[in-house]
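Commentary on secondary and tertiary structure
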Amino acid sequence: MLKKKSISASKASLVLFLCQMISALDVPLDSKLLEELSQPPTITQQSPKDYIVDPRENIVIQCEAKGKPPPSFSWTRNGTHFDIDKDAQVTMKPNSGTLVINIMNGGKAEAYEGVYQCTARNERGAAISNNIVIRPSRSPLWTKEKLEPNQVREGDSLVLHCRPPVGLPPPIIFWMDNAFQRLPQSERVSQGLNGDLYFSNVQPEDTREDYICYARFNHTQTIQQKQPISVKVFSAKPVTERQPVLLTPTGSTSTKVELRGNVLLLECIAAGLPTPVIRWIKEGGELPANRTFFENFKKTLKIIDVSEADSGNYKCIARNILGSAHHVISVTVKAAPYWITAPRNLVLSPGEDGTLICRANGNPKPNISWLANGVPIAIAPEDPSRKVDGDTIIFSHVQERSSAVYQCNASNEYGYLLANAFVNVLAEPPRILTPANKLYQVIADSPALLDCAYFGSPKPEIEWFKGVKGSILRGNEYVFHDNGTLEIPVAQKDSTGTYTCVARNELGKIQNEVQLEVKDPTMIIKQPEYKVIQRYGQVSFECIIKHDSTLLPAVIWLKDNNELPDDERFLVGKDNLTIMNVTDKDDGTYTCIVNTTLDSVSASAVLTVVAAPPTPAVIYARPNPPFDLELTGQLERSVELSWIPGDENNSPITNFVIEYEDGLHEPGVWHYQTEVPGTQTTVQLKLSPYVNYSFRVIAVNEIGRSQPSEPSEQYLTKSANPDENPANVQGIGSEPDNLVITWESLKGFQSNGPGLQYKVSWRQKDVDDEWTSVIVANVSKYIVSGTPTFVPYEIKVQALNDLGYAPEPSEVIGHSGEDLPMVAPGNVQVHVINSTLAKVHWDPVPLKSVRGHLQGYKVYYWKVQSLSRRSRRHVEKKILTFRGNKTFGMLPGLEPYSSYKLNVRVVNGKGEGPASPDKVFKTPEGVPSSPSFLKITNPTLDSLTLEWGSPTHPNGVLTSYILKFQPINNTHELGPLVEIRIPANESSLILKNLNYSTRYKFYFNAQTSVGSGSQITEEAVTIMDEVQPLYPRIRNVTTAAAETYANISWEYEGPDHANFYVEYGVAGSKEDWKKEIVNGSRSFFVLKGLTPGTAYKVRVGAEGLSGFRSSEDVFETGPAMASRQVDIATQGWFIGLMCAVALLILILLIVCFIRRNKGGKYPVKEKEDAHADPEIQPMKEDDGTFGEYSDAEDHKPLKKGSRTPSDRTVKKEDSDDSLVDYGEGVNGQFNEDGSFIGQYSGKKEKEPAEGNESSEAPSPVNAMNSFV
């Protein structure tokens, strides 16, 4: 009985071995062997069972098979023999069973529809393919239909039917518009599984005439288009809200059958206003984790890879604020047949036994039937060696004629399985596949493996001999493997020699010899040693080796496990490494590696670079590593570690660093655990569960750290539930329809046990909803799809492992993804507070329409135009952001008397919402800025001419100008103040009846209806009534400005040893003048500490000269302003002196003339004062007054307050005594009747020399109507 069992076991092992060898025939280890072995056919490639072909292309039906001898092929069509020779359109590929049906040359694909089956046959059997159903694909056109426009009331539901043509395979449906843009879908509007477009409720924006359904047929790569559907939404106020009603499926219940392994798709689409939200549950159970997905805004439930366990009732619930509706779908999972045990090829020797097993399952349970060589086994030729027992065929005492191919067919109403398995009965003498005299080389004391790959049927017995005539090898020093390999676990030098492998079975015997050589191991007999070297010294590491004389060693050096630096200081010798001129960066570990073709050895040493000590008596070094580590007092969460310190090498150990390795989670990685003072050699360590601890200790002194100690013994702590849950749990949506839950994963040692996972749970906050949970692998993120836009969720993440759960986690609040706000703020109102400030109000946007975290509101405002100038300019929009739920804000910095527009937008985390309608508002008038300039010219004995420019910023409608002036005596005391109001359209004025030789100070500003603006001041002097010496005089004040300083220069004519000073201030400012004293009698001075880009006014004075000062000059600081140049050609002393003498003589003559005729002047003045209307005040030559005005023009060069241009060019009247220029001004002052109007009107043209005065910018001059 025992012997019989032994024989059966031997046969089973032989069958297993032969099966392995037959499968190994696919790999041509020995081509001669493969050519000689016979094998029944095996189908290697075939077309799919349901084969849909493109009717425009050739049909290729694949059938490939292998076997020895090569198989021949035949086909059946619809169960009968298919004679391909009789059909010119059908050919079979050479050495193949693949059919090619020529459709492109006139064949019709429809003519070749049917069920095809391929048979591959040789002398050892026949294998058959599956039934291959050939069907050409179809992409029919849409049937024409008249589509009526859809008139829908706002808020009602709507279904647009697609009804695509029936194609093969079914088409893919999508909706687009005329511009071939996909129609946007949302919770409200979505496409159903049947292709229809569903509107839960329609909105005005749904009105359009180009709803087009497209059907794409992938096989023929064509797209068919339905006629456009028109939808018009009409408003009906008020819009009635409705509770949910299911559009599909209808009724309260329905059924669904799905096959095992397929994807289960369940759909619920509901109508209602507001738009309902869909939720899915499984009655009496939970939705399967990791296989459940929600699509189409949670309207579709998708479960992949379904099984029978997924059968049950699935409920969809549609809910809005008015109520809910639900539908129950009863799902039944059926199964097409699937393999439990598919039959496998069987290789037997004559006289052996074997079985073919075919086991399949399905729902309903499949029927099992057998075929032999493609024929039902019931009518196949009888074989006395086989017996059919249901799903098993039993073979006993097989002979070579028993070789055949058997087919197992498992079928039920949902499909079938077909498998070929051959029985191959072989009688083969032994063959050895290992090459003869193969040489094996190993290192002494290492294993040696000698191959003897063999084949034979029945399975040969293998024996090994050493030497040609040696005895058979036996004993514990050898290991004999089933594949024939001889293993010598510890090869020695005396193991060298010839080994013979003998394979024999009842059909024959064969042997093969191999050679074994055992080499001496490679050794480093002098290893590199630890070195401490002073900086800039020289160090050498030795690496002397001993090796087998027949092996060629290769020596390489590494620094810190990397290649040596590419530096000529590193010299590699035959058995050493020398480093010249050592630096601090050479500090590290140096390794010598010796490689041969059979082995490799290495040794390392540390180089420590230290600074040169003051005396060479003591050498300091890093401490030696601690040793003799011991673990005691092992508990679940703690252990005590002790050690013995190494040599401190003349530098006391300051502390010990303890590191640990987790051999379970991070082998080879050492982590910091703790550190203790250098006087302590034991420490109590806290441990975590489920960690395989090893510890090592590093000593530290002032020189550095020692090498780590040898690791302690390992200590594996017990597993436990996780102690903690993930931290930093958050829920933030990345898209409007999802919720991304993230957390910080636990570290390896925090898992406390195997199988770390996370239970992620969520539910919508403030909704009667159950927790939805999934268990995920050790990741840090989970995405919940199909969520409503920006709703709060309660979230919790709990850690678990194979032992259980962590403590209940705390809940956090997250939100699903934000979307751009839907509406703009309403009821935007603007309240203008003053001319530069306004307050804007708006109604807050409902939080539901914000669709995200409310960040605040943005106010966009811009100036449209100035109301005074009526000129448009480039629109520069300004933005003010008001954080939080603020509903008002202030708009500062507005320009007076201007028209503005603004709009308001709500902002969330996704971005800005739509803008409110533009709101127009206007700012009232304000006070104007100061006049752009004020010039005083043409001084006479009793008059001055004033010219000015309008304000740069009028800030309203100018009503008038206000001029105030008062005399200043020699002691700088101010006289009575006179005020004059001037019409707004004037730009010049002649002041009469002034005192001669008197300095006046003028204050000038503009007015609007709101009030007076800032004023500008100026000083001027009337000329004297007798000839005065020309000196003293300060003239030609020029400036050369840079960024923060300016060079001031001037010309002085007068007594020697004058003490000058420079006064300056910001142009247009009311601040007092700043004064700087000039050292010595220099005619230049540098003003420092100025502000870049600022306009300044400046004047020069002389101390002790009755406070005499020059006229003002204006300059502006800025980057690299070029210095102003003086035209020397026109400013020579000689020319100036001669002009001055000529002018003095002329002035003396004129003064004498005036003195003589002075009595005729005053009656005219009295007449002028008595009449307010200048039109009835003719001035005739016999009055004697014309000479007065003419004299004023003639005396123009004598004004003391005259200013020179800023470019230092001389005015025409300063360099030429011709009276032509002055005469032009007088001639232009007469009417046709000869009356003189010069005192009432400005100059018609601006004189060239006066158009670029030193302290004002040029400006057009307007006529003045009257002066009293």
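Calculation rules
Residues numbered from 1 in each chain as written. Predicted model: local features only at pLDDT ≥ 70, side-chain atom pairs only at ≥ 80, totals over all residues. Heavy atoms only, no water. Helix = DSSP H or I, 4+ residues; strand = E, 2+ residues; numbered from the N terminus. Buried < 20%, exposed > 50% of the residue type's maximum accessible area, 1.4 Å probe, protein only. Contact = heavy atoms within 4.5 Å. Areas by Shrake-Rupley, 256 points an atom, 1.4 Å probe, with all protein chains shown as cover. Pairing = 2+ DSSP bridges. Axes fitted to C-alpha atoms, helices over the stretch in contact; angles between N-to-C directions. Phe/Tyr/Trp six-rings, centres within 6.5 Å; stacked < 30°, edge-to-face > 60°. Disulfide = S-S within 2.5 Å. Core = buried A, V, L, I, M, F, W, Y, C linked by side-chain atoms within 4.5 Å. Polar contact = N/O pair within 3.5 Å; in protein donor to acceptor, adjacent residues only side chain to side chain. pLDDT = per-residue confidence, 0-100. Salt bridge = Lys/Arg side-chain N within 4 Å of Asp/Glu carboxyl O.

Our next topic: the overall build of the chain. Helix and strand content of the chain: eight helices and 92 strands. Considering the chain as a whole, with its 1268 residues, one finds that 45% of them fall into the buried category. Across the chain, every contact between residues at least 6 apart in sequence was considered, and the portion connecting residues at least 24 apart equals 66%. Of the roughly 64300 Å² of accessible surface on the chain, 51% is carried by carbon and sulfur atoms.

Another aspect to go through is the sheet that holds strand β34 (residues 386-389). Taken together, the three strands give an open sheet; going across it, the order is β30-β35-β34, and neighbouring strands pair in antiparallel fashion. Sheet topology places β30 (354-357) and β34 at the edges, where each strand pairs with a single neighbour. On average, each strand axis in the sheet is inclined to that of its neighbour by 15°, with strand direction left out of account. Both β34 and strand β35 (residues 392-395) contribute to a ladder of four bridges, which runs antiparallel. Residue pairing in the sheet places Arg386 in a bridge with Phe395 of β35.

Turning our attention to the packing of aromatic side chains. We describe a pair of aromatic rings using the distance from one ring centre to the other and the angle between the two ring planes. Applying the stated criterion across every chain, the model contains 23 aromatic pairs. With a centroid separation of 5.3 Å and an interplanar angle of 15°, the aromatic rings of Tyr961 and Phe1004 are classed as stacked. Of this pair, Tyr961 sits in strand β81 (residues 958-968) while Phe1004 sits in strand β84 (residues 999-1008), placing them 43 residues apart in sequence. On the accessibility criterion, Tyr961 (2% relative accessible area) is buried. Given a relative accessible area of 0%, Phe1004 falls into the buried group.

Right, let's talk about the environment of Phe965 for a bit. Locating Phe965 in the fold gives a position in strand β81. In this structure Phe965 comes out as buried when scored by relative accessible area, which is 7%. Sequence spacing of Phe965 and Phe1002 is 37 residues, and the spatial spacing of their C-alpha atoms is 4.3 Å. If we ignore the near neighbours within four places in the chain, the residues touching Phe965 are Pro976, Leu977, Val978, Ile980, Leu991, Leu994, Tyr1000, Lys1001 and Phe1002.

Applying the stated criterion across every chain yields a total of six disulfides. Across a sulfur-sulfur distance of 2.0 Å, Cys162 and Cys213 are joined as a disulfide pair. Torsion about the S-S bond of the Cys162 and Cys213 cystine: about -65°, corresponding to left-handed handedness. Within this pair, whereas Cys162 is found in the loop between β13 (158-160) and β14 (172-176), its partner Cys213 is found in strand β17 (residues 208-217), the two being separated by 51 residues in sequence. Across the chain, the disulfide pattern expressed with sequentially numbered bonded cysteines is 1-2, 3-4, 5-6, 7-8, 9-10, 11-12.

Attention now goes to the nonpolar core. With 29 residues, the main nonpolar core has Ile59, Ile61, Trp75, Ile101, Tyr116 and Ile134 as its most contacted residues. Broken down by element, the residue count for this core peaks at three residues, all from strand β9 (residues 114-122). Judged by nonpolar contacts, the second largest core, of 20 residues, contains Leu934, Leu963, Leu994 and Ile1016.

Let us now look at the environment of Trp370. You can see Trp370 is positioned in strand β32 (residues 367-372). For Trp370, the residues in contact, after removing those within four places along its chain, are Leu356, Cys358, Pro376, Ile377, Val388, Gly390, Asp391, Thr392, Ile393, Tyr406, Gln407 and Cys408. A polar atom in the side chain of Trp370 sits 2.9 Å from the backbone oxygen of Gly390.

Among the secondary structure elements, Asp177 is positioned in the loop between β14 and β15 (189-191). Under the relative-accessibility criterion, Asp177 is labelled buried at 11%. Of note is the side chain of Asp177, whose polar atom sits 2.9 Å from the backbone nitrogen of Gln181. Side chain to side chain, Asp177 and Arg208 meet in a polar contact 3.3 Å long. In this structure Asp177 touches Leu183, Arg208, Asp210, Ile212 and Tyr214, once residues within four positions along its chain are discounted.

If pLDDT is low for a region, its predicted coordinates should not be looked at in detail. Looking at the chain, the pLDDT average stands at 83 and 84% of residues meet or exceed 70. Note on residues 1026-1030: pLDDT under 50 across the span, and six contacts to partners over four residues away in sequence or across chains.

Here the amide bond leading from Leu168 into Pro169 is cis, since omega sits at -10°, within 30 degrees of zero. One can find Pro169 in the loop between β13 and β14. That bond from Leu273 to Pro274 is cis: its omega, 0°, falls within 30 degrees of zero. Of note in the backbone geometry, Phe180 takes a positive phi value of approximately 60° without being a glycine. The backbone of Ser997 sits at a positive phi, close to 50°, despite the residue not being glycine. Here Ser997 shows up in the loop between β83 (988-991) and β84.

In sheet architecture, strand pairing relies on hydrogen bonds along the backbone and comes in two forms, parallel and antiparallel. Strand order in this open sheet of three strands is β57-β58-β61, and the pairing throughout is antiparallel. The sheet is open, and its two borders are formed by β57 (627-632) and β61 (682-686), each paired with just one other strand. The average undirected angle you get between the axes of adjacent strands in this sheet is 25°.

This paragraph deals with the pairing of strand β62 (residues 692-700). If a strand is regular, its side chains alternate between the two faces of the sheet. Summarising burial for β62: nine of the nine residues are buried, a large majority. Neither face of β62 is open: one carries Asn692, Ser694, Arg696, Ile698 and Val700, the other Tyr693, Phe695, Val697 and Ala699, and all of them are buried. By the bridge criterion, eight bridges tie strand β59 (residues 655-662) to β62 in an arrangement that is antiparallel. Across the sheet, residue Asp662 finds its bridge partner in β62, namely Tyr693. With two bridges connecting them, β62 and strand β63 (residues 715-716) associate as antiparallel partners. Within β63, the position partnered with Asn692 by the bridge is Leu716.

This part is about the pairing of strand β85 (residues 1016-1021). With respect to burial, β85 is a largely interior element, five of its six residues being buried. Here β84 pairs with β85 via six bridges, running antiparallel. Bridging across to β85, Phe1002 finds its partner in Glu1018.

The next subject is the pattern of salt bridges. Proximity of charged atoms lets side chains of opposite charge pair with each other. Applying the stated criterion across every chain yields a total of 38 salt bridges. Across the salt bridge formed by Asp586 and Arg569, the nearest N and O atoms sit 2.8 Å from each other. On the criterion of sequence distance, the pair formed by Asp586 in the loop between β54 (576-579) and β55 (588-595) and Arg569 in the loop between β52 (562-563) and β53 (570-572) is long-range, its members being 17 residues apart. Pair check on accessibility: Asp586 and Arg569 agree, each one buried. Across the salt bridge formed by Glu895 and Lys863, the nearest N and O atoms sit 2.4 Å from each other. Here Glu895, found in the loop between β76 (888-891) and β77 (898-908), pairs with Lys863, found in strand β74 (residues 854-866); they are 32 residues apart in sequence, far enough to count as distant.

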